[in-house]
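Chain by chain, the residues run as shown.
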Amino acid sequence: MRANHYSVHEPLWIFGYGSLIWRADFPYLESRLAAIDGYARRFWQGSTDHRGVPGAPGRVVTLVDAPGERCWGRAYRLDPDQGAAVLAQLDHREKNGYERLRLATLLDCGQRLHAVTYRAATSNPHYLGPASLQCIAAQIAAAHGPSGSNREYLLELQAALAGSGHLDEHVEALARLVMALPVA
Ligand code: BEZ
């Protein structure tokens, strides 16, 4: 994880596109629907610490380059006094292969700003990469980890995106497949 430093005088925004959309377990001053352009959300990162275990990893989302696409999520404005502590907490939560980056972000009110987000490096040891939707769904349906079932992670994400009005076809297709599989 890179030790980025952010000015205490600048508002610090975090962009979430996965569990941070529906489980932001840190203090923030404001949250808004938000999007980043040129990226797509994919269940291509393995999880052995939250939604799977070593030897039976789950699959969680990462960002992949996707020119012309828009990825919707939620942006959180942090209290400048709490920014460093929140980043340290998130760095720890996402320590298994994710790297921080700062991306141009569009808020639903039209404001543009830069927000910190996390992306799995394709070189990280937990990276799984693409697979057929059927294979990904079967893996998600079977996986459990310390944070709960992988199925719950997917279905909470699907529900949050559907509730926001910004359906994601990759997530929708996986949710349909997983819901047709028995609960493990
Ligand atoms: C998120 O935006 O929820 C997120 C995704 C991957 C790693 C960390 C956070």
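Residues numbered from 1 in each chain as written. Predicted model: local features only at pLDDT ≥ 70, side-chain atom pairs only at ≥ 80, totals over all residues. Heavy atoms only, no water.

Looking at the site of the ligand
We apply this condition: Here a residue counts as near a molecule or strand whenever at least one of its heavy atoms sits within 4 Å of it. The term polar contact refers here to a pair of N or O atoms within 3.5 Å; inside protein, the definition further demands a hydrogen-donor-capable atom paired with an acceptor-capable atom, and it admits residues adjacent in sequence only when both atoms are side-chain atoms. To measure how exposed things are, a 1.4 Å probe is used in the Shrake-Rupley method; for residues, cover is taken only from the protein chains shown. Points on a 1 Å grid, built from protein atoms alone, make a cavity when a 1.4 Å probe fits but cannot get out and make a pocket when they are open with protein on both sides within 12 Å along at least 5 of 7 lines; residues with an atom within 4 Å of a point are the lining residues. Assignment of a molecule to a cavity or pocket requires that more than half of its atoms lie within 2 Å of the corresponding grid points. The nonpolar class holds Ala, Val, Leu, Ile, Met, Phe, Trp, Tyr, Cys and Pro. Asp, Glu, Lys and Arg form the charged class, and all remaining residues, Gly among them, are polar.
Around the ligand, a shell composed of Gly16, Tyr17, Gly18, Ser19, Leu20, Val61, Glu94, Tyr98 and Tyr118 is seen. Contacts to the ligand include glycine 18, whose backbone N or O atom sits 3.0 Å from an oxygen atom. Contacts to the ligand include serine 19, whose backbone N or O atom sits 3.0 Å from an oxygen atom. Burial of the ligand by the surrounding chains reaches 98%, relative to a free accessible area of 260 Å². With respect to the pocket detection grid, the ligand is positioned in the largest cavity. Among the residues making up the shell around the ligand, the classes are represented as five nonpolar, three polar and one charged.

What to know about the side chain of histidine 170
Applicable threshold: In this description a helix means any DSSP run of H or I spanning at least four residues, a strand means any run of E spanning at least two, and both kinds are numbered starting from the N terminus. In this description, contact between two residues means that some pair of their heavy atoms is separated by no more than 4.5 Å.
Tracing the backbone shows histidine 170 in helix H5 (residues 169-179). One polar contact links the side chain of histidine 170 to the main-chain amide nitrogen of phenylalanine 43, over a distance of 3.0 Å. In contact with histidine 170, other than residues within four places in its own chain, are Arg41, Arg42, Phe43 and Leu133.

Some words on the pairing of strand S3 (residues 58-78)
Put simply, the rule reads: Note on pairing: DSSP must find at least two bridges between two strands before they are called paired.
Looking at chain direction, strand S1 (residues 12-16) and S3 are connected through five bridges and run antiparallel. Across the sheet, residue tryptophan 13 finds its bridge partner in S3, namely arginine 77. Pairing analysis gives 15 bridges linking strand S2 (residues 30-47) to S3, with the strands arranged antiparallel. Across the sheet, the residue bridging to glycine 46 is arginine 59, located in S3.

With respect to empty space enclosed by the protein
In plain terms, the rule: Grid points are joined across faces, edges and corners, and a volume is the space filled by probe spheres set on the points.
Per the counting criterion, the structure on display carries one cavity of 30 Å³ or more. As a volume, the largest cavity reaches approximately 310 Å³. Around the largest cavity, the lining is made up of 23 residues, and of these Ser19, Val61, Glu94, Tyr98 and Tyr153 lie nearest the centre. Residue assignment for the lining of the largest cavity shows that the elements contributing at least two residues are S1, helix H1 (19-22), S2, S3 and strand S5 (112-120). Here the lining of the largest cavity gets three residues from one element, more than from any other, and that element is S2.

Focus: helix H2 (residues 83-93)
The test is simple: Only protein chains enter the area calculation, which uses a 1.4 Å probe; residues under 20% of their type maximum are buried, those over 50% are exposed, and those in between are partly exposed. The reported arc concerns the directions from the helix axis to the C-beta atoms and nothing else.
Those residues of H2 that sit buried are Gly83, Val86, Leu87, Leu90, Asp91 and Arg93. Here the buried residues of H2 occupy an arc of 160° about the axis, which is enough to place them on one side. Facing away from the buried side of H2, by more than 90 degrees, are the exposed residues Ala84, Ala85 and His92.

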